[in-house]
Amino acid sequence: MTSKPDGTLRPGEAAFLTAAIQAARRGLREGGIPIGAALAHNGRVLGTGYNRRVQLGSPIRHGETDCLENVGRLPASVYAASTMATTLSPCDMCTGAILLYKIPRVIIGENRTFIGAEELLRSRGVQVVIVDDPTCAEMMTEFIAAQPALWNEDIGMAD
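All values derive from a computational prediction rather than experimental measurement.

Draft legend 1. Quick peek at the side chain of E110. Along the chain, E110 falls in strand β4 (residues 105-110). No salt bridge is formed by the buried E110; its nearest oppositely charged neighbour, R112, is found at 5.3 Å. Beyond its immediate chain neighbours, meaning those up to four positions away, E110 contacts T87, L88, S89, D132, D133, C136, A137 and M140.

Draft legend 2. Representation of empty space enclosed by the protein within the structure. One pass over the structure, following the stated rule, counts one cavity of 30 Å³ or more. If you trace the largest cavity, you find 14 residues lining it, with I35, H62, L88, S89 and C91 closest to the centre. Taken together, the elements giving at least two residues each to the lining of the largest cavity come down to α3 (63-71) and α8 (148-154). Here the residues of the lining of the largest cavity are counted per class, giving eight nonpolar, four polar and two charged.

Draft legend 3. Expanded view of the sheet that holds strand β2 (residues 44-50). Across the sheet, five strands lie side by side as β2-β1-β3-β4-β5; this open sheet has mixed pairing. Because the sheet does not close on itself, it has two edges, and the strands there are β2 and β5 (127-130). On average, adjacent strands in this sheet sit at an angle of 20 degrees to one another, irrespective of strand direction. Inspection of the sheet shows strand β3 (residues 82-88) paired to β4 by five bridges, in the parallel sense.

Draft legend 4. The layout of surface pockets, seen in detail. When its volume is computed, the largest pocket comes out at roughly 210 Å³. If you trace the largest pocket, you find it lined by I60, R61, T65, L68, E69, G72, R73, Y79, A97 and Y101. If one sorts the elements of the lining of the largest pocket by residue count, α3 sits on top with three residues.

Draft legend 5. Focus on the nonpolar core. Ranked by internal contacts, the top residues of the largest apolar core, which has 17 residues, are L39, L68, M84, I103, V106 and L121. Looking at this core, the elements that each hand over two or more residues are β1 (36-41), α3, α5 (92-100), β4 and β5. Setting aside residues no more than four positions away along its own chain, L121 makes contact with P90, T95, I98, L99, V106, V126 and V128. Among the nonpolar cores identified, the runner-up in size contains 10 residues, and M140, F143, L150 and W151 belong to it.

Draft legend 6. The arrangement of α3 in detail. The buried count for α3 comes to seven of nine residues, which makes it a mostly enclosed element. All of the buried residues along α3 are G63, E64, T65, D66, C67, L68 and V71. Against β1, β2, α4 (76-79), β3 and α5 lie the buried residues of α3. Just beyond α3, the residue with positive phi is G72, at close to 90 degrees.

Draft legend 7. Examining the pattern of salt bridges more closely. In the structure shown here, the tally under the stated rule is nine salt bridges. A salt bridge links R52 to D66; its shortest N-O distance comes to 3.1 Å. Of this pair, R52 sits in the loop between β2 and α2 (53-56) while D66 sits in helix α3, placing them 14 residues apart in sequence. Take D66: its relative accessible area is 0%, and that puts it in the buried class. We note a salt bridge from E119 to R122, for which the minimum N-O separation is 2.8 Å. In this pair, E119 and R122 are both assigned in helix α6 (residues 118-123), three residues apart and thus about one turn of the helix distant. Exposure remark for E119: the relative accessible area of 55% places this residue in the exposed category. Overall, the relative accessible area of 18% leaves R122 in the buried class. Several salt bridges converge on common partners, so that one network encompasses R52, R61 and D66.

About the cut-offs
- The residue count restarts for each chain, going from 1 along the sequence in the order it is written.
- Totals for whole chains, interfaces and linings use every residue, but because this is a predicted model, local features are given only for residues with pLDDT of at least 70 and side-chain atom pairs only at 80 or more, for both listing and counting.
- As a convention, hydrogens and water are excluded, and side-chain values are obtained from all of the structure's heavy atoms.
- Helix numbers and strand numbers start at the N terminus; a helix is a DSSP run of H or I with at least 4 residues, a strand a run of E with at least 2.
- For every residue, the accessible area obtained with a 1.4 Å probe (protein chains only) is divided by the maximum for its type, and the residue is called buried under 20%, exposed over 50%, and partly exposed between those limits.
- Only four residue types enter the charge count: Lys and Arg as positive, Asp and Glu as negative, with His and the chain ends excluded.
- What makes a salt bridge here is a side-chain nitrogen of Lys or Arg within 4 Å of a carboxyl oxygen of Asp or Glu, nothing more.
- Here, two residues are considered to be in contact whenever any of their heavy atoms come within 4.5 Å of each other.
- The method works on a 1 Å grid over the protein atoms by themselves. A cavity is a set of points holding a 1.4 Å probe that cannot get out, a pocket is an open set with protein on both sides within 12 Å along at least five of seven lines, and residues with an atom within 4 Å of a point line them.
- Grid points are joined across faces, edges and corners, and a volume is the space filled by probe spheres set on the points.
- Polar here means any residue outside two lists: the nonpolar Ala, Val, Leu, Ile, Met, Phe, Trp, Tyr, Cys and Pro, and the charged Asp, Glu, Lys and Arg; Gly therefore counts as polar.
- When DSSP finds two or more bridges between a pair of strands, those strands are recorded as paired.
- In this analysis an axis means a line fitted to C-alpha atoms, helices contributing only their contacting stretch, and an angle means the value between N-to-C directions, from 0 to 180 degrees.
- To qualify as a nonpolar core, a set must consist of buried Ala, Val, Leu, Ile, Met, Phe, Trp, Tyr and Cys residues joined through side-chain atoms within 4.5 Å.

Structure, rendered in structure tokens:
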């Protein structure tokens, strides 16, 4: 089920999602889960990340958290004027990171395969834009079909 977007992509924002998709593909090539993210500020991508739980044996390196780690420490004012693009609806943990750093806008590639804490983001004033990108949906649908146990582990589902 896809929720309706709260807005549309602004000029130049498609590039943010493209960067997130490229990061997700890198993760998939490495044997990981194909979820990518990009943080952008003033129209340029500051950095990207991708789900590296498998590669690093980490419980917390989702696409968004890896992106924040890769971007590094920034002034609060930069986060508060940035956009996070992610290929998949953010889980509770990644939503918490977005809220903690007061990132005001989140572009979600797709939420057909997983609906995260979008309502929590909205309730805290974050503008959520659902793109419903077919590339993002296909990448996750194929991955979930091929690796259901790994996917369930990633989202915290019991065996």
